[in-house]
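# Notes for the structure review
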Amino acid sequence: MVCVCNATYCDTLDPVVLPALGTYVKYESSKAGKRLERSEGSFQRSLHAPGLLLTLNVSTMYQHVKGFGGSLSDAAALNILGLSRPAQDNLLRSYFSESGIEYNLIRLPMACSDFSVRPYSYDDVPHDYELKHFRLAEEDLKMKIPLLHRASAMSRRPLSLYASPWTSPAWMKSNGDVRGKGMLKGQAGDKYHKTWANYFIKFLDEYAKHNVTFWAVTAQNEPLAALLTPPQFPTIAFTAAQQRDFVVHDLGPALARSPHHTRLIILDDQRIHLPHWAKVVLGNATAAHYVAGMGVHWYLDGIIPASCSLEATHKLFPDHFLLYTEACSGFITLRFSVSLGCWERGDHYSHSILTVLNHFVAGWTDWNLALDLEGGPNWVKNYVDSPVIVDSSKDVFYKQPMFYHMGHFSKFIPEGSRRVGLHSSRRCLICQLEHVAIVRPDGALVLVVLNR
């Protein structure tokens, strides 16, 4: 099941109109080919329900929702810009406009990630502790910034951007290379760490000159996965204690002193590190003051239940949000990185989102917004899948089941919504229904149900 879009055609959705009192609107997607198909109905006064009964309790309020979105990596930008201008517009509208699924979150790598076509940083001049040679790359100036402006112009909702660094310049790293296993030289509070903290501020300064502001930054993409990744990956390794000290002595104060009202997110790694990582960093009152929330990646979710990691962390630190900051299908697979039309991969997205929303997570961010048929480009050959696959040779792009699964959340659950109580009359082991209930800022109720 895919929708084939090009310069002249792409499926669209109507703007959401709230139903009249006593009625509801239903949107359905199915393996058989329904793609957010809209229908209407009326509520019955009878309480007799022969099957499963879901009861909403709007007086029980849980976490606020931040939103849903994807990542504008270099690879995503290259793929989008590889299309003709009208096809690009159709792709961007599909994600960000009222005729699409209305993403409000965009994650942006700070310089290169594995989904770049080359390794690079913003200041490759050794020992430039004052960052006099700091410059944004062509990838920012020619690709990502123009695309961000276009997405923002199409969006009815304000977009919240957040940036994540994969690596520092080589001269700041213990292994002397943006690629491979290495830590930041020295220790928290020294010239390397101060310079690295100021690198974040320079990044925010330079983007601000192009009228792009960031809601948040993460302290480091996958600080512990850096110890496990292949030798070509751009990484910096941090332990929880090292991240705490960097936040306390360097990054926290640098952000607080800066003119930017940018929040700070820690971890940005797998939930197997929770609640330990939170205890180490947020257990320090100074660090807790600087930190707004924790970022989580989905790759090792099968190893530890959400209750032992996410919910346990929320109970310990209820004032700090949890946000899923990266997820994708097709990684470390013996089959195909890209599996066009695969319903199961979409199903996996919805299952993850429903599970984590029910365990106090505030939002969910997909990885690359668009990839090519191979699952790249990617200079470390780490090919994966994406909700949108681009075939620039035909000037077409394919919207996959993952895209429509994302839309069941992003289009109907705007920022500021809250999860509310939902009780099931019985556990239906055969039907495998998963669900969440949300009240929107406008008072409308949203119920998302997945039948696996």
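From a predicted model like this one, the values you see are computed outputs, not experimental measurements.

Once that is clear, we can look at the overall build of the protein. Each helix and strand counted, the protein has 10 helices and 18 strands in total. In summary, the protein has a C-alpha radius of gyration of 22 Å against a globular reference of 22 Å for 452 residues, a match within 12%. Seen through its C-alpha atoms, the protein measures out along the principal axes to roughly 75 × 50 × 45 Å. Out of the 452 residues belonging to the protein, those deemed buried represent 58%. In the protein, 75% of the contacts between residues at least 6 apart in sequence involve partners at least 24 apart. If you sum the accessible surface of the protein, you get close to 18,800 Å²; carbon and sulfur atoms cover 54% of it. Across the protein, the mean location of the 44 positive side-chain charges is 3 Å away from that of the 41 negative side-chain charges.

Turning our eyes to something else, we now look at the sheet that holds strand β9 (residues 263-270). Strand order around the closed barrel formed by eight strands is β5-β6-β7-β8-β9-β10-β11-β12, with parallel pairing between neighbours. Looking at each pair of strands side by side, their axes are set apart by 25° on average, direction ignored. By the bridge criterion, three bridges tie strand β8 (residues 216-218) to β9 in an arrangement that is parallel. Note on β9: the bridge partner recorded for threonine 218 is isoleucine 265. Contacts from helix α8 (residues 306-316) reach β10 (293-297), β11 (321-326) and β12 (361-368) within the one sheet, and its direction differs from that of β11 by about 145°.

What follows covers the pattern of salt bridges. With the rule as written, the count across this model stands at 29 salt bridges. Between arginine 271 and aspartate 301 there is a salt bridge; the shortest N-O distance is 3.2 Å. Highlighted residues: arginine 271 in the loop between β9 and α6 (276-282) and aspartate 301 in the loop between β10 and α8, separated in sequence by 30 residues. Like arginine 271, the residue aspartate 301 is buried in the burial classification. The salt bridge partner of aspartate 347 is arginine 452, with a shortest N-O separation of 2.8 Å. Within this pair, whereas aspartate 347 is found in helix α9 (residues 343-357), its partner arginine 452 is found in the segment after β18 (445-451), the two being separated by 105 residues in sequence. Its relative accessible area of 9% is what places aspartate 347 among the buried residues. Each of the salt bridges in this network shares a partner with another, and the network as a whole consists of Glu98, Glu102, Arg156, Arg157 and Lys411.

Going from leucine 274 to proline 275, the amide bond is cis rather than trans, its omega being 5°. Backbone torsion omega between glycine 376 and proline 377 reads 5°, so that peptide bond is classified as cis. Counting through the fold element by element, proline 377 comes out in the loop between β13 (371-372) and β14 (388-391). Despite not being glycine, histidine 127 shows a phi value in the positive range, around 60°. If you trace the backbone, histidine 127 turns up in the loop between β6 (105-110) and α3 (138-154). Histidine 127 gets classed as exposed once you look at its relative accessible area, which sits at 52%. Even without being glycine, glutamate 222 reaches a positive phi, approximately 40°. Among the secondary structure elements, glutamate 222 is positioned in the loop between β8 and α5 (240-257).

Across the sheet, four strands lie side by side as β4-β16-β17-β18; this open sheet has antiparallel pairing. The open sheet has two free edges, formed respectively by β4 (54-64) and β18, since each of these has just one partner strand. Pairwise comparison of adjacent strand axes, ignoring direction, gives a mean angle of 30° for this sheet. Bridge analysis of strand β16 (residues 418-424) against strand β17 (residues 433-439) gives two bridges, and the strand direction is antiparallel. Within β17, the residue paired with arginine 419 across the bridge is isoleucine 438.

Two numbers describe how α9 lies on helix α10 (residues 401-410): the axes approach to 7 Å, and their chain directions differ by 25°. Classified by the angle their axes make, α9 and α10 are roughly parallel. In terms of crossing hand, the pair formed by α9 and α10 is right-handed. For the pair α9 and α10, the contacting residues are Trp343, Arg345, Gly346, Asp347, Tyr349, Ser350, Ile353, Leu354 and Leu357 in the first and Pro401, Met402, His405, Met406 and Phe409 in the second. Here the residues of the contact of α9 with α10 sort into nine nonpolar, three polar and two charged.

Parameters and conventions
Residues numbered from 1 in each chain as written. Predicted model: local features only at pLDDT ≥ 70, side-chain atom pairs only at ≥ 80, totals over all residues. Heavy atoms only, no water. Helix = DSSP H or I, 4+ residues; strand = E, 2+ residues; numbered from the N terminus. Rg over C-alpha atoms; globule rule 2.2 N^0.38 Å. Buried < 20%, exposed > 50% of the residue type's maximum accessible area, 1.4 Å probe, protein only. Contact = heavy atoms within 4.5 Å. Areas by Shrake-Rupley, 256 points an atom, 1.4 Å probe, with all protein chains shown as cover. Lys, Arg positive; Asp, Glu negative; His and termini not counted. Charge placed at Lys NZ, Arg CZ, Asp CG, Glu CD. Pairing = 2+ DSSP bridges. Axes fitted to C-alpha atoms, helices over the stretch in contact; angles between N-to-C directions. Salt bridge = Lys/Arg side-chain N within 4 Å of Asp/Glu carboxyl O. Parallel < 35°, antiparallel > 145°, perpendicular 65-115°, else oblique. Left-handed = near helix turned anticlockwise from the far one by under 90°. Nonpolar A, V, L, I, M, F, W, Y, C, P; charged D, E, K, R; others polar.

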